[in-house]
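Residue-level structure breakdown
So you can see what is in the structure, the chains are spelled out below.
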Amino acid sequence: TRLDMEAEKALGNEKFKAADFPAAIEHFSKALDIQPTHVLYSNRSACYCSLRKYDEALSDAEKCIAAKPDWGKGYGRKGAALHGLGRYNDAIAAYESGLGHEPGLAMLTNGMAEAKAEMEASQDDGGMGSLGNVFGQPDVLQKIAANPQTAAFLADPGFVAKIQSLQRNPSAIGQHLQDQRVLQVMGMLMGVNIQTPDAPMPQASAPPPKAKAPEPEPEPLTPEQEAALALRKEADEHKLKGNAAYKAKDFDAAIGHYEAAIKVLPGEPTYYNNLAAVLMEKKDFEGCIAMCKTGIEKGREAKADYKLIARSFMRIGNAYKKQGQLDEAIRSYEDSLMEDRSEEVEKLLKQTRAAKKKAERPPRDRRETAERPPR
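Since the model is a prediction, treat every value here as computed from it, not as a measurement.

What follows deals with the overall build of the protein chain. In terms of regular secondary structure, the protein chain is built from 18 helices and zero strands. Here the protein chain holds 375 residues, and the buried ones make up 41% of them. Sequence separation of at least 24 residues holds for 54% of the intrachain contacts in the protein chain that already meet a minimum separation of 6. A total of about 20700 Å² of accessible surface is found on the protein chain, and carbon and sulfur atoms cover 52% of it.

This is the structure we're talking about:
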């Protein structure tokens, strides 16, 4: 369902922000299996780019464009993947295509400028391309971080971007030799000191902060989604008022607010469950059971969260138990556990089965047990 897709997408966004890109890919992939969208392909492409898996990033970028050809950021993802593969002309063409749909988009203009600069550097490296090969090592950033004389450089995201650029294209070294930090790192990687007299070696005063990962793009809401959110907000306002009345033991007022919430959003089991809880407090057990059953029916129609359905069955079981109808209570608890395994319901089921067994024991057995002398 769409709710399941949104849940996986939200988890993916959280992992993306935490720079846990493999986990983010896993969640975005699950969301795509449920309901593919251009934003999900874009976000997963960004994850693959961060892991330098440019072929996978390119594949997702092309799927993003196919899903929404007029969205500039999809072309930005494609350009970034092509740039990572060293296909600068193709990257520039992708950025230009995106600008045709969204002129002036910074992601596209900046990406195109970087691709052009690296292409020019790779075509004319002034004979210094071989010097840049030291940046082709996969553990360059780790070596910089481990050296106390260079670790502080990683606090500057711009410097990190330069190193990553050199990792992709070592022949572009001539473009960065004006940066004394690049010279110092090059010397560190080569095992020599090529520091210039006017560039004193800085000391790292603290571990470098973690670079902030780019935010995934939020998917614009459709008019239908905006209307659904508005209804949810209105219904939840009634629910909050009902909760306050319930805590104050004003059960009639609570019933009125929960009924109002149901009227606004009839497919949400939570409101039926809350109303059933009030009926339970008023010892209207049959009314409680009927309300929960209605909530289950409406919730299934709306493909509601199975945990909410499980809670409805648990409350039905509680109502039957209050009336001494233990068989019905046991069946309801078992139905609840079929929806969601809950320690609370497992405990209720165990207690109710024990109570049923005790009630079914013949009177003579109960008397003999009571009269048995202690050991």
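What follows picks up the thread again.
This brings us to the state of the cysteines. Two cysteines form a disulfide when their sulfur atoms are joined by a covalent bond. Scanning the model with the defined rule gives zero disulfides in all. No disulfide involves Cys47; its sulfur sits 9.9 Å from the nearest other cysteine sulfur, which is in Cys49. In this structure Cys292 is a free cysteine whose sulfur lies 4.5 Å from that of Cys288, the closest cysteine sulfur available. Overall, Cys292 belongs to the buried group, its relative accessible area being 0%.

Turning our attention to the packing of aromatic side chains. For the coordinates displayed, the defined rule picks out two aromatic pairs. Arranged with centres 5.6 Å apart and planes meeting at 75°, the rings of Phe16 and Phe21 form a pair that is edge-to-face. When its relative accessible area of 13% is taken as the criterion, Phe21 is described as buried. Ring geometry for Tyr246 against Phe251: centres 5.9 Å apart, planes inclined by 55°, an arrangement best described as tilted.

Here we take up the nonpolar core. Ranked by internal contacts, the top residues of the largest apolar core, which has 36 residues, are Cys288, Ile316 and Tyr333. Taken together, the elements giving at least two residues each to this core come down to α11 (223–247), α12 (251–264), α13 (269–281), α14 (285–301), α15 (306–322), α16 (326–339) and α17 (343–360). Setting aside residues no more than four positions away along its own chain, Cys288 makes contact with Ala276, Leu279, Met280, Arg315 and Ala319. One finds Phe21, Tyr48, Tyr54 and Ala94 within the second-largest nonpolar core, a separate group that totals 35 residues.

This part takes up the environment of Val39. Relative to the helices and strands, Val39 is located in helix α3 (residues 38–50). Judged by its relative accessible area of 0%, Val39 falls in the buried class. In this structure, the C-alpha to C-alpha distance between Val39 and Ala61, residues 22 residues apart in sequence, is 9.9 Å.

Leaving glycine aside, a negative phi is the common case for residues, and trans is the common case for peptide bonds. Positive phi values are uncommon outside glycine, yet Arg52 reaches one of about 65°. Within the secondary structure layout, Arg52 lies in the loop between α3 and α4 (54–67).

By the definition in use, this model includes 13 salt bridges. For Arg44, the salt bridge is made with Asp60, and the minimal N-O distance between the two is 2.6 Å. Here Arg44 is found in helix α3, whereas its partner Asp60 is found in helix α4, with 16 residues between them in sequence. Overall, Arg44 belongs to the buried group, its relative accessible area being 13%.

Turning our eyes to something else, we now look at helix α10 (residues 180–190). Val182, Leu183, Gln184, Val185, Met186, Gly187 and Leu189 are the residues of α10 that are buried. The backbone nitrogen of Arg181 lies 2.9 Å from a side-chain oxygen of the residue at the head of α10, namely Asp179.

Packing of α4 against helix α5 (residues 72–84) leaves a shortest axis separation of 8 Å and a crossing angle of 160°. Between α4 and α5, the interaxial angle falls into the category roughly antiparallel. In terms of crossing hand, the pair formed by α4 and α5 is left-handed. Seen from α4, the contacting residues are Tyr54, Ala57, Leu58, Ala61, Glu62, Cys64 and Ile65; seen from α5, they are Gly74, Tyr75, Arg77, Lys78, Ala81, Leu82 and Gly84. Residues belonging to the contact of α4 with α5 are distributed by class as follows: nine nonpolar, two polar and three charged.

This next bit is on the packing of α5 against helix α6 (residues 88–101). Packed helices, taken two at a time, are described by the angle their axes make and the gap between the axes. Look at α5 against α6: their axes get within 8 Å of each other, and the N-to-C directions meet at 170°. When the interaxial angle is binned, α5 and α6 end up roughly antiparallel. On α6, the residues touching Gly72, Tyr75, Gly76, Lys78, Gly79, Ala80, Leu82 and His83 of α5 are Tyr88, Asp90, Ala91, Ala94, Tyr95, Ser97, Gly98 and His101. Class assignment of the residues belonging to the contact of α5 with α6 gives a composition of seven nonpolar, seven polar and two charged.

On to the environment of Cys288. For Cys288, the location among the structural elements is in helix α14. Taking the C-alpha atoms as reference points, Cys288 and Ala277, eleven residues apart in sequence, are found 7.0 Å from one another.

Take the side chain of Asn147 next. With respect to the helices, strands and loops of the structure, Asn147 is situated in the loop between α8 (140–146) and α9 (157–168). When its relative accessible area of 19% is taken as the criterion, Asn147 is described as buried. Engagement of the side chain of Asn147 in a polar contact is seen with the backbone nitrogen of Gln149, the distance being 2.8 Å.

Here we take up helix α1 (residues 2–17). The terminal C-alpha atoms of α1, which comprises 16 residues, lie 22 Å apart, in line with the 22 Å expected from a rise of 1.5 Å per residue. Burial in α1 covers these residues: Met5, Glu8, Lys9, Gly12, Asn13 and Phe16. Along the axis of α1, the buried positions cluster into a sector of 145°, meaning they face one direction only. In this structure, α1 carries Leu3, Glu14 and Lys17 as exposed residues pointing more than 90 degrees from its buried face. Just past α1, the residue Ala19 takes up positive phi, approximately 65°.

Calculation notes
Residues numbered from 1 in each chain as written. Predicted model: local features only at pLDDT ≥ 70, side-chain atom pairs only at ≥ 80, totals over all residues. Heavy atoms only, no water. Helix = DSSP H or I, 4+ residues; strand = E, 2+ residues; numbered from the N terminus. Buried < 20%, exposed > 50% of the residue type's maximum accessible area, 1.4 Å probe, protein only. Contact = heavy atoms within 4.5 Å. Areas by Shrake-Rupley, 256 points an atom, 1.4 Å probe, with all protein chains shown as cover. Disulfide = S-S within 2.5 Å. Phe/Tyr/Trp six-rings, centres within 6.5 Å; stacked < 30°, edge-to-face > 60°. Core = buried A, V, L, I, M, F, W, Y, C linked by side-chain atoms within 4.5 Å. Salt bridge = Lys/Arg side-chain N within 4 Å of Asp/Glu carboxyl O. Polar contact = N/O pair within 3.5 Å; in protein donor to acceptor, adjacent residues only side chain to side chain. Axes fitted to C-alpha atoms, helices over the stretch in contact; angles between N-to-C directions. Parallel < 35°, antiparallel > 145°, perpendicular 65-115°, else oblique. Left-handed = near helix turned anticlockwise from the far one by under 90°. Nonpolar A, V, L, I, M, F, W, Y, C, P; charged D, E, K, R; others polar. Expected span 1.5 Å × (residues − 1). Arc of directions from axis to C-beta.

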